[in-house]
Amino acid sequence: MEIRAATVLPARREPIELQTADGLTLVGELAQPLDRPPVATLVTLHPLPTHGGFMDSHVYKKAANRLPALADLAVLRFNTRGTSSERGTSAGAFDGGEGERFDVAAALEYAEFNDLPRVWVVGWSFGTELTLKWAHDPLVEGAILLSPPLHRATDDDLDAWARFGRPLVAMVPEFDDYLRPEEARRRFARVPQAEVIGVDGAKHLWVGEPYVRIVLNEIVRRVNPEAYPLPTDI
């Protein structure tokens, strides 16, 4: 059977709640392999909620639908403060990336408390800003950025990640609305351990199954290379 956009593969999926240090309850979901422990964990940070981003943004939904079965990964998705999805609405209100520092910390604390292994943070658009600003945690093995605008995240944040020393992979669409590969390579040059991958033909939202497969394969290649490349049929 070919893996298609709507394919949902078997996994243990459970609703979760995250508690922030400033007293908010955030809603989310944890997907894990059905009959074995995960080998690594993706903590996902979604695009801008004021422009339609949420835990079900399609790349993350497809990651949760496929990667526990295909790559033995745990996928943690959640709505940042004030964000709604089918799972529910997280408490609080959008704070432009500042109060969201507590949301990032709560997700990482959940992963640590529940003994989820080898945590990688995956940020998309606004989520890349949260990653660069607030994911400097010893628990984090590395980060993967999808369509980083480098708008709220500044050169100071890039310098902080350089000092943090963990791997950083930026996947930049050829036709991105905010930051394209050539400029991205110039901006990320200040992070010695950063790798910028330009993706031909892609746009900011990674619409289309071919681009989703590129993203998921690059994630797996970094996080669990033994499962790379992902199959297209099951």
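Residues numbered from 1 in each chain as written. Predicted model: local features only at pLDDT ≥ 70, side-chain atom pairs only at ≥ 80, totals over all residues. Heavy atoms only, no water.

Colleague: Mind showing me how you'd approach the sheet that holds strand β1 (residues 12-19) here?
Modeller: Two strands in a sheet stick together by hydrogen bonds in their backbones, pointing the same way (parallel) or opposite ways (antiparallel). Strands sit in the order β1-β2-β4-β3-β7-β8-β9-β10 across an open sheet of eight strands; the sheet is mixed. Edge strands, defined here as strands with exactly one partner in the open sheet, are β1 and β10 (194-199). Here the average twist between neighbouring strands, direction ignored, is 20°. Direction of pairing for strand β2 (residues 25-32) relative to strand β4 (residues 73-78): antiparallel, over a ladder of four bridges. Paired with Glu29 across the two strands is Arg77, which belongs to β4. Where helix α1 (residues 58-71) meets the sheet, it contacts β1, β2, β3 (40-45), β4, β7 (119-124) and β8 (140-146), and its direction lies at approximately 155° from that of β4. Running at roughly 130° to β1, helix α2 (residues 100-113) makes contact with β1, β2, β3, β4, β7 and β8 of the sheet. (Pairing = 2+ DSSP bridges. Helix = DSSP H or I, 4+ residues; strand = E, 2+ residues; numbered from the N terminus. Axes fitted to C-alpha atoms, helices over the stretch in contact; angles between N-to-C directions. Contact = heavy atoms within 4.5 Å.)

Colleague: Is there a simple way to think about the side chain of Glu218 in this case?
Modeller: Along the chain, Glu218 turns up in helix α6 (residues 209-223). At 2.2 Å, the side chain of Glu218 forms a polar contact with the side chain of Arg222. (Polar contact = N/O pair within 3.5 Å; in protein donor to acceptor, adjacent residues only side chain to side chain.)

Colleague: How should α2 be read in this particular structure?
Modeller: One full turn of an α-helix is made of 3.6 residues, so residues set three or four places apart face in the same direction. Between its terminal C-alpha atoms α2 stretches 20 Å, which fits the 20 Å expected from 14 residues at 1.5 Å a residue. Buried within α2 we find Glu100, Asp103, Val104, Ala106, Ala107, Leu108, Tyr110 and Ala111. Taken from the residues just after α2, Asp115 is the one with a positive phi, measuring 55°. (Expected span 1.5 Å × (residues − 1). Buried < 20%, exposed > 50% of the residue type's maximum accessible area, 1.4 Å probe, protein only.)

Colleague: Could you clarify how one ought to interpret unusual backbone geometry in this entry?
Modeller: What you tend to see is this: most non-glycine residues have negative phi, and most peptide bonds are trans. Between Tyr228 and the following residue, Pro229, the backbone shows a cis peptide bond with an omega angle of -5°. Residue position: Pro229 is located in the segment after α6. For Ser125, which is not glycine, the phi torsion reads 55° and is therefore positive. Along the chain, Ser125 falls in the loop between β7 and α3 (126-134). Taking relative accessible area as the criterion, Ser125 reaches 9% and is therefore assigned buried. Here the phi dihedral of Leu150 falls at roughly 50°; this positive angle occurs in a residue that is not glycine. Its place among the elements puts Leu150 in the loop between β8 and α4 (155-164).

Honestly, that's just the spatial picture; any functional story needs more than this.
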